[in-house]
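# Structural overview for review
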Amino acid sequence: QVQLVESGGGLMQAGDSLRLSCAASGRAFSSYTMGWFRQAPGKEREFVAGILWTGGNTYYADSVKGRFTISRDNAKNTVYLQMNSLKPEDTAVYYCAAGLVQWAVTTGKYHYWGQGTQVTVSS
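What you are looking at is a predicted structure, and each value in this text was computed from that prediction instead of being measured.

### Considering the overall build of the protein
- Summing up its helical and strand segments, the protein has 0 helices and 11 strands in all.
- Ordered by position from the N terminus, the helices and strands of the protein form the series β-β-β-β-β-β-β-β-β-β-β.
- In terms of overall dimensions, the protein has a C-alpha envelope of 40 × 30 × 25 Å along the principal axes.
- Every one of the 123 residues in the protein was classed for burial, and the buried ones make up 43%.
- For the protein, restricting intrachain contacts to residue pairs at least 6 apart in sequence, the fraction spanning at least 24 positions comes to 57%.
- For the protein, the accessible surface area stands at approximately 6,100 Å², while carbon and sulfur atoms represent 48% of it.
- Charge-centre separation for the protein: the mean point of 11 positive side chains lies 6 Å from the mean point of 8 negative side chains.

Put into structure tokens, the structure is as follows:
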């Protein structure tokens, strides 16, 4: 069992930077692929970024590639999402997720979810 708690969301302006954190508790955190997803009002939850358990392999949705960076610190049981050059279309609730499938980009491949943190970007 893994419990995930996101933090770091807020109200931002276009062009700002923000870092989200996801603290994990439970066993074997370092064994999991970690992902960030987001869900805007009226839309489905979508993949944003993922990182394999080694931390050396990351992958991104095209919409955030070059602007967002995912990283993890297995010693601290924490995964981060650094978001730069924020745009209004980045407004959403951001969720952290953990799963055992490498390179997973769909919600069904992740077993554990946090409660989400709101990110709002104004123009």
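### Structural notes on the pattern of salt bridges
- The tally for this structure, following the rule as stated, stands at 4 salt bridges.
- The residue Glu46 makes a salt bridge to Arg38 at a minimum N-O spacing of 2.7 Å.
- On the accessibility criterion, Arg38 (6% relative accessible area) is buried.
- Note that Asp90 is salt-bridged to Arg67, the shortest N-O span being 2.8 Å. Of the two residues, Asp90 sits in the loop between strand S8 (78–83) and strand S9 (92–99) while Arg67 sits in the loop between strand S6 (58–60) and strand S7 (68–73), which places them 23 residues apart along the sequence.

Thresholds, definitions, all that
Residues numbered from 1 in each chain as written. Predicted model: local features only at pLDDT ≥ 70, side-chain atom pairs only at ≥ 80, totals over all residues. Heavy atoms only, no water. Helix = DSSP H or I, 4+ residues; strand = E, 2+ residues; numbered from the N terminus. Buried < 20%, exposed > 50% of the residue type's maximum accessible area, 1.4 Å probe, protein only. Contact = heavy atoms within 4.5 Å. Areas by Shrake-Rupley, 256 points an atom, 1.4 Å probe, with all protein chains shown as cover. Lys, Arg positive; Asp, Glu negative; His and termini not counted. Charge placed at Lys NZ, Arg CZ, Asp CG, Glu CD. Salt bridge = Lys/Arg side-chain N within 4 Å of Asp/Glu carboxyl O.

Nothing here speaks to function; it is geometry throughout.
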